[in-house]
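One-letter residues, chain by chain:
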Amino acid sequence: MQRALFPALFAAGVTFLLTCLVIGVRLEQEGPTLTVVGADASTWGWIAFAVVVVFLFQLFQGPISRLKQRIPSADATGLLPGEQMRNRLKPWLFSLIIVGLFVWPFMVSRGAVDLATLTLIYVMLGLGLNIVVGFAGLLDLGYVAFYAVGAYTYALLSEYFGLSFWACLPIAGLLAATFGCILGFPVLRLRGDYLAIVTLGFGEIIRILLNNWTSVTGGPNGIGGIDKPSLFGLEFSRRASEGSQTFHEFFGIDYDSSHKVIFLYLVAVLLVLLTIYVINRVQRMPIGRAWEALREDDIACRSLGLNPTVIKLSAFTMGASFAGFAGCFFAARQGFISPESFTFIESAIILAIVVLGGMGSQFGVILAAIAMTILPELAREFQEYRMLMFGGVMVLMMLWRPQGLLPMKRPHLELKTS
Amino acid sequence: MTKKATFGKTLVAAGTLMAAITAAHADTLKIGIAGPVTGPVAQYGDMQKIGAMMAIDKINEAGGVNGMTLEGVIYDDACDPKQAVAVANRIVNDDIRHVIGHLCSSSTEPASDIYEEEGVMMITAASTSPSITEKGYELIFRTIGLDSLQGTLAADYIKDKIKPQRLAVIHDKQQYGEGLATTVKEILGDAGIESVMFEGVTPGDKDFSALIAKLKRNNIDFVYYGGYHPELGLILRQSREKGFDAAFMGPEGVVNSDLAAIAGDAMEGVLATAPKSFDQSPENAALVEAFKERNEDPSGPFVFPAYSAIQVMTEAMDATGKTDPFELAEHLRANRFDTTIGEIGFDAKGDLTEPTFEIYTLHADGSKTPVSK
Amino acid sequence: MTETSLYVLQQLINGLTIGSTYALIAIGYTMVYGIIGMINFAHGEVYMIGTYTAFITIIGLLTMGVGSLPIILLLALMTAVIISSTYGYAIERVAYRPLRGGPRLIPLITAIGMSIFLQNYIRLAQGSRDLAMPALISGGIEFGDPAVFEVSISWMQLIIWVVTFISMTALALFISRSRLGRACRACAQDRGMTNLLGIDTNRIIALTFIIGAALAAVAGLLLGLYYGTINPYIGFMAGLKAFTAAVLGGIGSIPGAMLGGLILGVTEALTAAFFPSEYKDVVAFSLLVLILLFRPTGLLGKPEVEKV
């Protein structure tokens, strides 16, 4: 205990320094003059409380951790069915989830469906970035640029040429992929963190250009009135625009605005399923293997005759094309886009989804995307403390599971020595 | 046959039950207040919130509307367009049919699409972008003047009174600022006063020394700034330091006591278009007291427009005896209302029929005096 | 001198001032990167907290009636440095140390989380409004023909140059001459080996965070005095620019951070001088991309040795 006294005092001192000036004193602006005001007694009470808690925690850290060890950790592995059983259950489970995904929106409120749609956009983005960061090991901090390209492609094409969502979707993906290819080509010889900052720079450049090119992109005004997707030409609005029919008229049912929300959601589900399917396939193809090989060992790859530039470029391009799809869908869901939706913090959140999910693991990325979008919504009740908690939880989650929620597992065989 | 009958009965029963539940709740009417609670512009969201909340409390004190008490429900969109859509959907979901908000034009625009589609009435007290009401919405209104009106007013004043030799128009590359700056530049250009410089600055930037050196080099004698107070304050402060002494003019976004704090003495004599300062008008004295009692600051530009938004909404409810947004909208367009921002009416697009802006000279102590025309 | 050359001179002076402060903040990025190879995204927030503490101290002393400017500045500097260093230390201890030895991307995410957390922590404690204080040091020198173009240098700009120069020299001496500095260099070269030689690498890493934070606090005080305004969001942009400067100069290299900062500052000022200023960030980032294309490890960075 005595040995713990000094670190405990030190920790308490640090806590005091961290809080005393920043929380204990407040700057107040009254007209043109700035004054300082001491915080009220209760705030100082909280500071004192925090200092004491930190002190006591550090002082008794030894006994606490010993106590923690004595509590038997719950062993949940016994509850799971055996390996064979699990493999047999897997397809059933998957089909159950997929059926659930399609049935679920008809049973819940439209707010929940809309939130789920947003989540699915992030799932798509996370899966796309996962190719670049998780599989190929290239740190991309400007992923949002391709997302913006996708969104603006649809917005501009529908505004100037009246193209529909379904026509724009592949164009958006292709264009984003082209951008990825053009941007990727010169920078891919950079390593690690240099690549990170250059991609970050590209992200910012694209955003600023979109913001400054007012004559085409509307600059900061953004582009509004973007059409929602239609179902084989059937629109989901109260009144049909000229020359087309609405969904409810065609089927002779009453107009219900939630049809539109649910339809958007279903489109998102389809896109996500498609993304998952494609990535799963590609991952098992030679190029997918090459990505991972390159991530693990650059030099070994080269000596085996693989061309690192082409491999990296293919990962970059493919990741970008999924961002393009997601962007196109985002523009359709919003109906209005402006450059402020494509800031660096968006890239950071997508990256956080990939890392939190456990890089390379698709299921983990999906879980993390759900966590990262639902969390701020759940925290709505905390009003102004919302973002504080978001930041704090991000740190805590990484500390709690540094390997990610569900780290990637390679299929492997184990020799049983009995 | 019997099956159908049972089904019908169940439906009727369920309907009655639903009606009973709704009736039980009919004594409160929820009004959504959507705007930023978090994020960099949270302080403006606060202005809208205190204005609307005060109006709700006052109306409840006076017995409510049609026997219902009002309840303000706050939604945070953080001025992020993506969250604004989520908030709008949530509001629809929560069965709220009347909304005050949103604040930033970039959030209001995507959200108003949803409200119009879902039959929710929205009155914004802060979004001044002309494009919001241009689509001819039925249910979207605002109790604040448009950017274009403000720009026209400023441009007319510049060309009639100032007659600058070398004019610069600077803006902050945001919807609000650039829109205003473009209006001013175009009107003055038509009148034969060309802008020597027209360029943007980065919002949040701190260093404008390069820009000021450029203004100095071009011998600018008058600067119109489209944007908010933090950047203009720094431009003024750094201009004073570098010995650049042109006259400045800005929109209502710069009229804020914080501008005086940032710019210091350099603020003296800056011109600005601003809504009439409603907290100064004698009719609102009692209300200003009420705000002060709650330790709230009534001087923000959106406080009284938000108050009035609630006022016109409830007056229409009183007059029609209904809460249906479509009927309220009809009533709003057809009548004139006496509010804390003066007597107002709405045009077909949902905008105020009369501009509420005036030109002021700002002073170093944070006060402002109207310019005699 | 001609009008254009005077104008360019004025813009160079402006650029060097911004560049100096970028350099001061960039040191924090570059030192941390040099030693543990991670990007400390929360560093910009440490700078922001430094500015806040400097403001609080200055205003506090002024309200208490302390009139002497040198005393106020000295005390403000000390408080800002102490508090910021504590934050630098605490961030490392809480968010990065437990993750050491794991994959390098993990601390990057905690850093982003920490950055969001600190920004909102200060916003809740101090409000989100822009706060401003009157200029304590004003005036300056002017030269050049007033009829052609007058170049002005404010005292504050001079102070920024001098303080930056002193801090950088002191840091360079510390790193190259002192025992601890040598330990820092050893740690950057081979952490495992340094550990084996009986140097507590955890303490050295903590030290680099403290030094970086202290220099960020110096920048915070200087910029707080120069611009006179603060809000909780200033850290992000400043951090991004400083990080760019560090990479431009070659991340991990201290003279590189200095050089990168100055180049970035001057580029921005000159861009704003001859093009619409809304394009200055585009030009700054494009310059970064170009330099990295031709020198993939930055201007003064050492090429990485490829290890199999």
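Definitions and cut-offs
- Residues numbered from 1 in each chain as written.
- Chains lettered and ligands numbered in written order.
- Predicted model: local features only at pLDDT ≥ 70, side-chain atom pairs only at ≥ 80, totals over all residues.
- Heavy atoms only, no water.
- UniProt positions renumbered as here; feature names shortened; annotations may be inferred.
- Pairing = 2+ DSSP bridges.
- Helix = DSSP H or I, 4+ residues; strand = E, 2+ residues; numbered from the N terminus.
- Axes fitted to C-alpha atoms, helices over the stretch in contact; angles between N-to-C directions.
- Domains from an automatic or database assignment.
- Buried area = accessible area lost by both parts, 1.4 Å probe.
- Salt bridge = Lys/Arg side-chain N within 4 Å of Asp/Glu carboxyl O.
- Core = buried A, V, L, I, M, F, W, Y, C linked by side-chain atoms within 4.5 Å.
- Buried < 20%, exposed > 50% of the residue type's maximum accessible area, 1.4 Å probe, protein only.
- Contact = heavy atoms within 4.5 Å.

- The annotation that UniProt attaches to chain C under Sequence similarities (unreviewed entry) is "Belongs to the binding-protein-dependent transport system permease family. LivHM subfamily."
- Its UniProt record, at the heading Subcellular location (unreviewed entry), says of chain C: "Cell inner membrane".

- Looking at chain B in UniProt, the text filed under Sequence similarities (unreviewed entry) is "Belongs to the leucine-binding protein family."

1. Remarks on the sheet that holds strand 14 (residues 368-370) of chain B
Residues and elements named next belong to chain B.
- The 7 strands are arranged 7-6-8-9-10-13-14 in an open sheet whose pairing can be described as mixed. Whereas interior strands pair on both sides, the edge strands pair on one side only; in this sheet they are strand 7 (195-200) and strand 14. Averaged over neighbouring strand pairs, the angle between their axes works out to 25 degrees when direction is ignored.
- Bridge count between strand 6 (residues 167-171) and strand 7: 5 bridges; the pairing is parallel.

2. Structural notes on the domain arrangement of chain B
All names here are of chain B.
- Assigned domains of chain B: these are domain 1 (9-144 + 302-340) and domain 2 (148-277 + 358-370).
- The C-alpha centroid of domain 2 is placed 34 Å from the C-alpha centroid of domain 1.
- When domain 1 packs against domain 2, the two sides together hide about 570 Å² of surface, and 42% of this comes from carbon and sulfur.
- On the domain 1 side of the interface with domain 2, the three residues burying the most area are Gln 43, Tyr 44 and Thr 128, jointly 53% of the side's total.
- Our count for the contact surface shared by domain 1 and domain 2 stands at 0 salt bridges.
- Sorting the residues of the side of domain 1 that touches domain 2 by element identifies helix 2 (42-61) and helix 4 (105-118) as the ones contributing at least two each.
- For the side of domain 1 that touches domain 2, the element with the most residues is helix 4, which contributes 3 residues.

3. A word on the nonpolar core
- Ranked by internal contacts, the top residues of the largest apolar core, which has 252 residues, are Leu27(A), Leu125(A), Trp291(A), Leu351(A), Leu215(B), Val223(B) and Phe41(C).
- Take this core: its biggest share by element is 18 residues, from helix 8 (residues 201-227) of chain C.
- Each residue touching Phe41(C), except ones within four places of it in the same chain, is listed here: Leu141(A), Leu200(A), Phe344(A), Tyr29(C), Leu108(C), Ala111(C), Ile112(C), Ser115(C) and Phe243(C).
- Counting 48 residues, the second largest nonpolar core, distinct from the first, contains Ile31(B), Ala126(B), Val303(B) and Phe346(B).

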